[in-house]
Amino acid sequence: AYRSTHASFTMADAEAPVVAEAPKEPEGPSPFEQKSPYYAKRIELFEKYFAREAEKQEAAKTTNETIKVVMPDGAIKEGVKHVTTPWDIAMGIHKKLAQASILAHVDGADWDMRRPLEGDCALKLFSFDDPEGKELYWHSSAHVLGEALELEYGADLTIGPSIEEGFYYDCYLGERTLSDHERDGIQKRMEKIIKEKQPFQRIEVTRDEALEMFTENKFKVELITNLPDDARISCYRCGPMVDLCRGPHLPDTAWIKSVAVNQCSRAHWRADVTKDPLVRVYAVTFPTEKLMKEYKLRIEEAKKRDHRVIGLNQELFFFHQLSPGSCFFLPDGAKVYGGLVNFIKEKYWEYEYDEVVTPNIYNFDLWKTSGHAAHYKENMFSFNVEKEEFGLKPMNCPGHCVMFGNRKRSFRELPMRLADFGVLHRNEFSGALHGLTRVRRFQQDDAHIFCRPDQMEYELKQFLKLLDEVYEVFGLTYEMKLSTRPEGYLGEIEIWDQAEAALTKALNETGKEWKLNPGDGAFYGPKIDITVFDALKRRFQCATVQLDFQLPIRFNLSYVTEANEPARPIIIHRAILGSVERMFAILTEHFAGKWPFWLSPRQVMLVPISENSRAYALEVRQKLRREGFHAQVDETDRKMQKKVREAQLEQWNYILVVGDGEQTNGTVNIRTRDNVVHGEHSLADLMEVLKEERRVKSLTCMFGVEKSAAAAAEKAAE
């Protein structure tokens with residue numbers, strides 16, 4: 001349960017929920033009874049090592065050595081080495097601070113609130129309101145879930161990380177699976193554990209001691225054997241459950257106030273379908289019932305906005321077993337897809353990118369040069385052609401390197417901004433496929449900027465400006481993190497320093513807040529991680545900007561400098577939408593299927609009052625289509641009111657009712673999908689508003705806005 005290893009996993013990464021009938025209990029000893037001797041031995045060893053830890057602490061207490069603890073505001077608190085805990089420091093400041101604090105950082109390292117401090121240190125406290133606090137809270141809760149799975153089913157536990165909102169535990173049950181019928185039983189067991197106020201206890205053991213403790217769990221044995229021989233391994237206990245874990249944890253299970261078990265699904269060990277099948281149980285906990293109620297409301301709203309449901313209801317797209325993970329975009333879906341791509345192409349023209357077209361299939365020699373053959377082949381589709389191995393491209397950068405290196409380049413040609421909407425394929429596991437957010441066939445607004453070191457800063461500033469303009473149009477907010485040089489970096493330190501300085505300056509000049517993520521850059525260059533938030537405040541990773549010093553070396557790329565010397569270019573990998581498919585899904589749910597006019601596949605529905613008005617309605621439609629608007633005529637024999645209501649439910653932005661009067665006057669009677677009736681207007685007036693609404697890419701209806709603003713101004717003047 002090493003929580004940092006799989007913390008980015010989400011519910012979308014598991015296979016479909018298990019919906020089988022609840023199985024009958026087998027005769028004879030239950031799985032828990034069969035495992036009881038192993039669990040008892042594990043506890044016996046834990047208590048032995050826990051006593052050893054206690055002896056060390058008692059011996060250390062005798063020194064009675066004073067330590068200084070520096071708080072974030074600079075205040076200095078005194079304590080006793082190996083005696084004073086972060087909890088004690090918090091209580092000394094205020095009881096409410098201690099009650100709210102669930103995690104400590106001691107000199108930047110995670111620390112249990114009740115674990116004694118070991119010397120002078122800087123101390124920072126976190127509550128559930130902090131991201132770090134939530135991660136701890138949900139990881140502690142995962143241990144409670146693990147204990148429940150052991151007690152209920154005699155499960156062999158594997159990993160149990162916190163995720164974006166909640167946590168899961170993967171466990172091995174042999175041939176057995178769990179269905180949603182069993183969620184209540186698991187939840188009741190967790191609630192019982194919580195009421196028992198079981199303390200979380202910590203020990204450190206050697207590799208051999210850990211192997212002895214977990215000898216009957218092959219999954220834990222595999223995790224332990226992958227650690228160095230001299231590793232010091234921390235383990236935590238709550239109740240009868242002991243688990244490998246870096247920690248830290250809550251003081252005890254009673255800090256968990258509300259629990260909900262959400263789903264049982266299938267998974268595989270190490271996310272590898274060739275390895276042992278596992279059962280994955282998802283749950284969430286909160287420190288108050290109020291937060292749980294708010295969470296359940298968000299989940300219900302998210303279900304209503306599910307892009308898979310909206311996609312079917314609006315006939316935007318579908319998937320078929322004949323091509324798993326590859327989407328069929330229907331005409332209306334293709335309109336949205338094309339709208340997204342065309343929007344980015346407009347911005348590319350403005351920011352002077354050059355669009356290119358590159359092959360879909362490459363000889364594997366390319367992937368050997370790029371490094372993908374050695375590190376990414378399992379995620380690629382490969383096949384033989386005339387006894388040579390070829391592969392479908394999973395990304396565009398190697399092809400762009402071939403393009404750059406096609407001939408000699410001058411410094412005057414840089415920066416070279418190559419944009420590519422080519423089709424990409426990645427061989428995702430079938431169990432990981434999830435609507436449009438995890439697919440095998442997709443396109444990206446992928447671009448690579450080949451530039452000189454002195455051009456980095458400007459190019460990064462321009463990209464961040466472009467990013468902000470695009471996300472503003474969508475109404476998406478976002479946050480940025482700068483990930484800097486990792487320990488195993490490649491390349492010259494001077495280039496790294498120059499690149500990180502350029503990224504820092506570019507971020508500062510945006511005027512937006514950003515965070516530092518030290519040591520989390522790729523080995524080949526620093527990057528900015530960009531996370532977007534939708535209308536429900538859910539987080540998504542879409543955009544990226546990554547500096548790359550290594551790919552130019554691999555492809556032996558160079559340009560001729562002003563001094564007539566060869567030099568390596570720097571590559572900036574960047575995307576804004578990321579996968580067009582993924583952004584399609586995010587925006588579907590962000591707008592809840594109510595597409596803004598400029599992106600909508602259903603812009604104008606014409607409703608003739610009678611058969612006599614049908615020809616006029618078709619004439620108006622043709623005029624709208626000539627201006628590039630998506631317009632249809634409801635030619636059914638339903639009543640006008642029914643047609644209008646259906647158009648509103650189908651999310652047509654504008655509904656134009658036409659009858660004899662409108663035909664005589666050359667007008668249309670306008671209303672919107674939100675049932676705002678604007679009355680009779682000339683088609684010319686309507687066209688003017690629609691063109692403007694499309695041009696500015698407004699998120700809201702613009703018809704009547706100017707008149708409303710004028711009326712409000714007139715009233716204010718009075």
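The text that follows walks through the structure, step by step, so that each part is easy to find.

### Let's talk about the layout of surface pockets
And then number 1: Put simply, the second largest pocket is a space of about 650 Å³.
And then number 2: Along the walls of the second largest pocket sit 26 residues, with Gln-57, Arg-114, Arg-115, Pro-116 and Arg-202 positioned nearest its centre.
And then number 3: At the level of elements, helix H1 (31–61) and strand S9 (201–205) are the ones that each hand at least two residues to the lining of the second largest pocket.
And then number 4: Top contributing element to the lining of the second largest pocket by residue count: H1, with seven residues.

### Observations regarding the pairing of strand S18 (residues 382–385)
Side-chain direction in a regular strand flips from residue to residue, so the side chains alternate between the two faces of the sheet.
And then number 1: Where S18 lies against strand S19 (residues 388–392), four bridges are found, and the strand directions are antiparallel. From the neighbouring strand, Ser-382 faces S19, where its bridge partner is Gly-391.
And then number 2: The turn joining S18 and S19, which pair antiparallel and follow one another in sequence, is formed by two residues; a positive phi near 50° is taken by Glu-386.

### Comments concerning the sheet that holds S18
And then number 1: The three strands lie next to each other as S17-S19-S18, forming an open sheet whose pairing is antiparallel. Two strands in the sheet have a free side with no partner beyond their single neighbour: strand S17 (361–363) and S18. Along the sheet, successive strands turn relative to each other by an average axial angle of 35°, direction set aside.

### Topic: empty space enclosed by the protein
Unfilled space is identified by rolling a water-sized probe across the atoms.
And then number 1: On inspection of all chains with the given rule, the structure shows one cavity of 30 Å³ or more.
And then number 2: What the largest cavity holds in volume is close to 30 Å³.
And then number 3: Looking at the largest cavity, the residues that line it are Arg-42, Glu-150, Leu-157, Phe-214, Asn-217, Lys-220, Met-241, Val-242 and Asp-243.
And then number 4: Of the residues forming the lining of the largest cavity, the biggest block, three residues, is contributed by strand S11 (residues 241–244).
And then number 5: Grouping the amino acids of the lining of the largest cavity by side-chain chemistry returns four nonpolar, one polar and four charged.

### Focus: the pattern of salt bridges
And then number 1: A complete count under the given rule lists 55 salt bridges for this structure.
And then number 2: Here Glu-47 makes a salt bridge to Arg-237, at a shortest N to O gap of 3.3 Å. Here Glu-47 is found in helix H1, whereas its partner Arg-237 is found in strand S10 (residues 233–238), with 190 residues between them in sequence.
And then number 3: Looking at Arg-237, the relative accessible area reads 17%, which means it is buried.
And then number 4: Lys-303 is paired through a salt bridge with Glu-300; the nearest N and O atoms lie 3.5 Å apart. Taken together, the residues Lys-303 and Glu-300, both in helix H8 (residues 289–305) and three residues apart, mark about one turn of the helix.
And then number 5: Overall, Glu-300 belongs to the partly exposed group, its relative accessible area being 42%.
And then number 6: Because the salt bridges share partners, they merge into one network encompassing Lys-347, Glu-350, Lys-465 and Glu-469.

### Quick notes on the sheet that holds strand S1 (residues 66–70)
And then number 1: One open sheet accounts for five strands, arranged S2-S1-S5-S3-S4; its pairing is mixed. The strands lining the two open edges of the sheet, one partner per strand, are strand S2 (76–80) and strand S4 (109–111). Adjacent strand axes in the sheet meet at a mean angle of 40°, parallel and antiparallel pairs treated alike.
And then number 2: By the bridge criterion, five bridges tie S1 to S2 in an arrangement that is antiparallel. Paired with Ile-67 across the bridge in S2 is Gly-79.
And then number 3: Here helix H2 (residues 86–93) sits on the sheet and contacts S1, S2, strand S3 (101–106), S4 and strand S5 (121–127); the angle it forms with S5, its principal contact strand, is near 75°.
And then number 4: Against the sheet, helix H4 (residues 131–153) engages S3 and S5, with an angle of about 115° to S3.

### A closer look at the nonpolar core
A general tendency of soluble globular proteins is for nonpolar side chains to be buried together.
And then number 1: Ranked by size, the top nonpolar core spans 61 residues in total, and within it Tyr-471, Phe-474, Ile-528, Ile-530, Phe-584 and Leu-587 carry the most contacts.
And then number 2: Looking at this core, the element that brings in the most residues is helix H14 (residues 456–474), giving ten residues.
And then number 3: In contact with Phe-474, not counting residues within four places along its chain, are Leu-340, Phe-343, Leu-577, Leu-587, His-590, Phe-591, Trp-598 and Leu-699.
And then number 4: Judged by nonpolar contacts, the second largest core, of 59 residues, contains Leu-145, Met-241, Trp-255 and Val-281.

### A few points about the packing of helix H10 (residues 331–350) against helix H17 (residues 580–590)
The description of two helices packed together rests on the angle between their axes and the distance between the axes.
And then number 1: It is at 10 Å that the axes of H10 and H17 come closest, and there the two elements cross at 110°. Our classification of the angle between H10 and H17 gives roughly perpendicular. Along this stretch, H10 crosses H17, giving a crossing that reads as right-handed. Taken together, the residues of H17 that come into contact with H10 (itself represented by Gly-333, Val-336, Tyr-337, Leu-340 and Val-341) are Val-580, Glu-581, Phe-584 and Leu-587.
And then number 2: Here the residues of the contact of H10 with H17 sort into seven nonpolar, one polar and one charged.

Calculation rules
- Residues numbered from 1 in each chain as written.
- Predicted model: local features only at pLDDT ≥ 70, side-chain atom pairs only at ≥ 80, totals over all residues.
- Heavy atoms only, no water.
- 1 Å grid on protein atoms, 1.4 Å probe; cavity = no way out; pocket = protein on both sides within 12 Å on 5 of 7 lines; lining within 4 Å.
- Points joined across faces, edges and corners; volume = space filled by probe spheres on them.
- Helix = DSSP H or I, 4+ residues; strand = E, 2+ residues; numbered from the N terminus.
- Pairing = 2+ DSSP bridges.
- Axes fitted to C-alpha atoms, helices over the stretch in contact; angles between N-to-C directions.
- Nonpolar A, V, L, I, M, F, W, Y, C, P; charged D, E, K, R; others polar.
- Salt bridge = Lys/Arg side-chain N within 4 Å of Asp/Glu carboxyl O.
- Buried < 20%, exposed > 50% of the residue type's maximum accessible area, 1.4 Å probe, protein only.
- Contact = heavy atoms within 4.5 Å.
- Core = buried A, V, L, I, M, F, W, Y, C linked by side-chain atoms within 4.5 Å.
- Parallel < 35°, antiparallel > 145°, perpendicular 65-115°, else oblique.
- Left-handed = near helix turned anticlockwise from the far one by under 90°.

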